[in-house]
Amino acid sequence: MNWDETGADTGDLTDERLDDRLVDAGADGEDTAVEAALRPKDLHEFVGQEKVREQLDLVLKAARARGATADHVLLSGAPGLGKTTLSLIIAAEMGAPIRITSGPAIQHAGDLAAILSSLQEGEVLFLDEIHRMSRPAEEMLYMAMEDFRVDVIVGKGPGATAIPLELPPFTLVGATTRAGLLPPPLRDRFGFTGHMEFYAPTELERVIHRSAGLLDVAIDTAGAAEIAGRSRGTPRIANRLLRRVRDYAQVKADGRIDRDIAAAALRVYEVDARGLDRLDRAVLGALLKLFGGGPVGLSTLAVAVGEERETVEEVAEPFLVREGLLARTPRGRVATPAAWAHLGLVPPQHGAKGQQGLFGA
């Protein structure tokens, strides 16, 4: 989410410019359609997130044993890790219908009141990007979660009247990519909070094998490992890369995916062995070749790669930092020794000494 100085949401501008990134963890129209077919239907099918899965299984089993609705659930983590899938699984495990909406769609308390008043007993309400809900709606949600009641305000000014409206017991599943933006009163009302971690390559291999079976794609262990290693720890990206490699294998080979086919396909799509794409390599290349590894200011770096400052900071940098290829320091952005090695470049002597002081190597 990007905000300009006036508070207006500018995130769509970045999304529109980068919606063709193969390694973007956000879901586009094609992903949404395909994911519906690939999603696991219960917790036993769900791959990865062992701790969250085990804890959530206990919560749901206990609720079923009591014949009660499950506690409210908050799922946090980066896009593409399975928050929506888990919400659907929660509804399936509880044998309840699910209502799906999102924080940006609820801009007024009346919007939320209309949704809550139409819920059935035991229904699951999935609220994606819950941190982007308006403040009046958020305050109404406090009472709904705790007391299963909302006060509907009728009229305006001194003559306004609050009419209490009783709600049937329901389970709220909130999903957020930025848990730190949730106010404490809202976080405290969730009975269970699960943080979704990035997947290990071995877990992504299991995801890829399962998806390949559902898509009727022949893939061997080495081919799955090659795709998993470039998937940034994210199942959504792994499934997207699998579909692009499948296309390549059908056109350029016999349809079967092995390591060589997977590597050749992803070279065509400019996704390298560590999952970096054109934008990532452009940022690293500018930092290393133009600025000797840094430190360099964010705005200067953005100009060098021909992108907006927000694009570099919010789209490219998080993965580069997580991979240990770039560091944010008070003096600016600095490349790590791993960045020089990844691009096959030799750091200059003064850069090497400066980095030695920064990284202790």
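The rules behind the values
- Residues numbered from 1 in each chain as written.
- Predicted model: local features only at pLDDT ≥ 70, side-chain atom pairs only at ≥ 80, totals over all residues.
- Heavy atoms only, no water.
- Helix = DSSP H or I, 4+ residues; strand = E, 2+ residues; numbered from the N terminus.
- Buried < 20%, exposed > 50% of the residue type's maximum accessible area, 1.4 Å probe, protein only.
- Contact = heavy atoms within 4.5 Å.
- Areas by Shrake-Rupley, 256 points an atom, 1.4 Å probe, with all protein chains shown as cover.
- Pairing = 2+ DSSP bridges.
- Right-handed = clockwise from strand over helix to strand, strands pointing away.
- Expected span 1.5 Å × (residues − 1).

A. Representation of the overall build of the protein in the model. The secondary structure content of the protein amounts to 16 helices and nine strands. Split into buried and exposed, the 361 residues of the protein put 47% on the buried side. For the protein, restricting intrachain contacts to residue pairs at least 6 apart in sequence, the fraction spanning at least 24 positions comes to 68%. Of the roughly 17100 Å² of accessible surface on the protein, a fraction of 52% belongs to carbon and sulfur atoms.

B. Here's a closer look at the pairing of strand β2 (residues 98-102). Taken together, the five bridges between β2 and strand β3 (residues 124-128) define a ladder with parallel strand orientation. The residue of β3 that forms the bridge with Ile100 is Phe126. Assessed by its sense of winding, the connection that carries the chain from β2 through helix α5 (residues 109-117) to β3 is right-handed.

C. Just unusual backbone geometry, in detail. Even without glycine at this site, Glu129 takes up a positive phi of about 50°. As for its placement among the helices and strands, Glu129 is situated in the loop between β3 and α6 (135-147).

D. Seen up close, helix α10 (residues 235-252). Compared with an ideal rise of 1.5 Å per residue, which puts 18 residues at 26 Å, α10 spans 25 Å between its outermost C-alpha atoms and is within 8% of the ideal. Here α10 lies mainly inside the structure; 14 of its 18 residues are buried.

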